[in-house]
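Coordinate analysis (summary)
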Amino acid sequence: GQQLNQSPQSMFIQEGEDVSMNCTSSSIFNTWLWYKQDPGEGPVLLIALYKAGELTSNGRLTAQFGITRKDSFLNISASIPSDVGIYFCASGGYQKVTFGTGTKLQVIP
Amino acid sequence: DAGVTQSPTHLIKTRGQQVTLRCSPKSGHDTVSWYQQALGQGPQFIFQYYEEEERQRGNFPDRFSGHQFPNYSSELNVNALLLGDSALYLCASSLRGTDLETQYFGPGTRLLVL
């Protein structure tokens with residue numbers, strides 16, 4: 001089946017630093033999604049990408065849909081404590097979403 | 001708008017028992033999908049219901065079954081529980097024919113099988 005591999009698996013950063021994480025696949029996708037999940041909660045959509053090469057921002061978050069359509073990255077600028085959580089890349093069709101392995105982010109105040 | 005709601009929030013069962021989890025979709029949504037999220041992993045798609053029928057199914061055994069009611073709410077049933085069924089079960093709702101970004105997730109039901 002489809003697999004989405006994320007890296008790094010986890011990261012500790014200082015408050016105020018920028019963060020970059022990425023997601024790769026052996027398959028081509030037409031959609032890339034980035035979610036954040038807080039403890040005890042369901043995933044919340046951060047950014048959706050629908051076109052190869054597309055670069056989209058949402059506040060301090062920026063995500064890009066790779067040209068090869070097999071990868072995507074998410075950047076967070078000037079991190080703050082509430083950025084703590086697990087970030088998932090995802091893709092799919094017909095409202096069935098396949099999730100990546102996740103990147104756990106810890107922010108040190 | 002209450003968003004997607006799930007009940008119960010937590011549940012403890014023993015091996016071999018059966019469990020039913022419930023989901024109410026976001027207002028205006030007609031499609032419900034269920035996901036299983038084991039500890040430390042990403043959610044895995046179980047199945048999706050639309051117009052009271054199962055439309056898509058992931059790689060899960062027949063012990064996992066579901067139902068959708070005329071008001072679009074849904075149930076997930078798991079029979080003959082195994083220890084490995086311990087997980088967070090997420091429900092997501094959406095409107096058929098719309099993009100993936102319209103799918104909203106509920107807070108989940110955490111199931112522990114002893």
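Residues numbered from 1 in each chain as written. Chains lettered and ligands numbered in written order. Predicted model: local features only at pLDDT ≥ 70, side-chain atom pairs only at ≥ 80, totals over all residues. Heavy atoms only, no water.

Details of the state of the cysteines
In protein chemistry, a disulfide is the covalent bond that joins the sulfur atoms of two cysteines. A complete count under the given rule lists two disulfides over all chains for this structure. What pairs with Cys23 of chain A in a disulfide is Cys89 of chain A, and their sulfur atoms sit 1.9 Å apart. Between Cys23 of chain A and Cys89 of chain A the sulfur-sulfur dihedral comes to about 50 degrees; the bridge is accordingly right-handed. Here Cys23 of chain A, found in strand β3 (residues 19-25), pairs with Cys89 of chain A, found in strand β9 (residues 85-93); they are 66 residues apart in sequence, far enough to count as distant. Taking relative accessible area as the criterion, Cys89 of chain A reaches 0% and is therefore assigned buried. Shown here is the disulfide that connects Cys23 of chain B with Cys91 of chain B, its sulfur atoms set 1.8 Å apart. Looking along the S-S bond of the Cys23 of chain B-Cys91 of chain B disulfide, the torsion reads about -60 degrees, which is the left-handed sense. Here Cys23 of chain B is found in strand β3 (residues 19-24), whereas its partner Cys91 of chain B is found in strand β9 (residues 87-94), with 68 residues between them in sequence. We classify Cys23 of chain B as buried; its relative accessible area is 2%. (Disulfide = S-S within 2.5 Å. Helix = DSSP H or I, 4+ residues; strand = E, 2+ residues; numbered from the N terminus. Buried < 20%, exposed > 50% of the residue type's maximum accessible area, 1.4 Å probe, protein only.)

Some words on the sheet that holds strand β8 (residues 71-76) of chain A
Within a sheet, adjacent strands bond to each other through the backbone by hydrogen bonds, running parallel or antiparallel. Residues and elements named next belong to chain A. Overall, antiparallel pairing links the five strands, which are arranged β1-β3-β8-β7-β6 in an open sheet. With one partner strand each, in any of the chains shown, β1 (4-7) and β6 (55-58) form the two edges of the open sheet. Ignoring which end each strand starts from, the neighbouring axes of this sheet average 15 degrees apart. Where β3 and β8 come together, six bridges link them in antiparallel fashion. (Pairing = 2+ DSSP bridges. Axes fitted to C-alpha atoms, helices over the stretch in contact; angles between N-to-C directions.)

Comments concerning the nonpolar core
Counting 21 residues, the largest nonpolar core has Trp32, Trp34, Leu74 and Leu105 of chain A as its most contacted members. When residues of this core are traced back to their parent elements, those giving at least two are β2 (10-14), β3, β4 (32-37), β5 (44-49), β7 (61-65), β8, β9 and β11 (103-108) of chain A. When neighbours within four sequence positions are excluded, Leu74 of chain A is seen to be in contact with Val19, Ser20, Met21, Trp34, Leu46, Ile47, Leu61, Thr62, Ala63 and Tyr87 of chain A. The next biggest cluster of nonpolar side chains, apart from the first, holds 20 residues, and it includes Val32, Phe47, Leu76 and Val78 of chain B. (Core = buried A, V, L, I, M, F, W, Y, C linked by side-chain atoms within 4.5 Å. Contact = heavy atoms within 4.5 Å.)

A few points about the sheet that holds strand β7 (residues 64-68) of chain B
All names here are of chain B. Across the sheet, four strands lie side by side as β1-β3-β8-β7; this open sheet has antiparallel pairing. Of all the strands in the sheet, the pair left with one neighbour each is β1 (5-7) and β7. Shown here is a sheet whose adjacent strand axes are inclined to one another by a mean of 20 degrees, direction ignored. Bridging between β1 and β3 involves three bridges; their strand directions are antiparallel. From the neighbouring strand, Thr5 faces β3, where its bridge partner is Ser24.

As for unusual backbone geometry
The peptide bond linking Ser7 of chain A to Pro8 of chain A adopts the cis configuration, its omega dihedral lying at -5 degrees. Mapping Pro8 of chain A onto the fold places it in the loop between β1 and β2. For the bond from Ser7 of chain B to Pro8 of chain B, the omega torsion is -10 degrees, close enough to zero to count as cis. Mapped onto the elements, Pro8 of chain B comes out in the loop between β1 and β2 (10-13).

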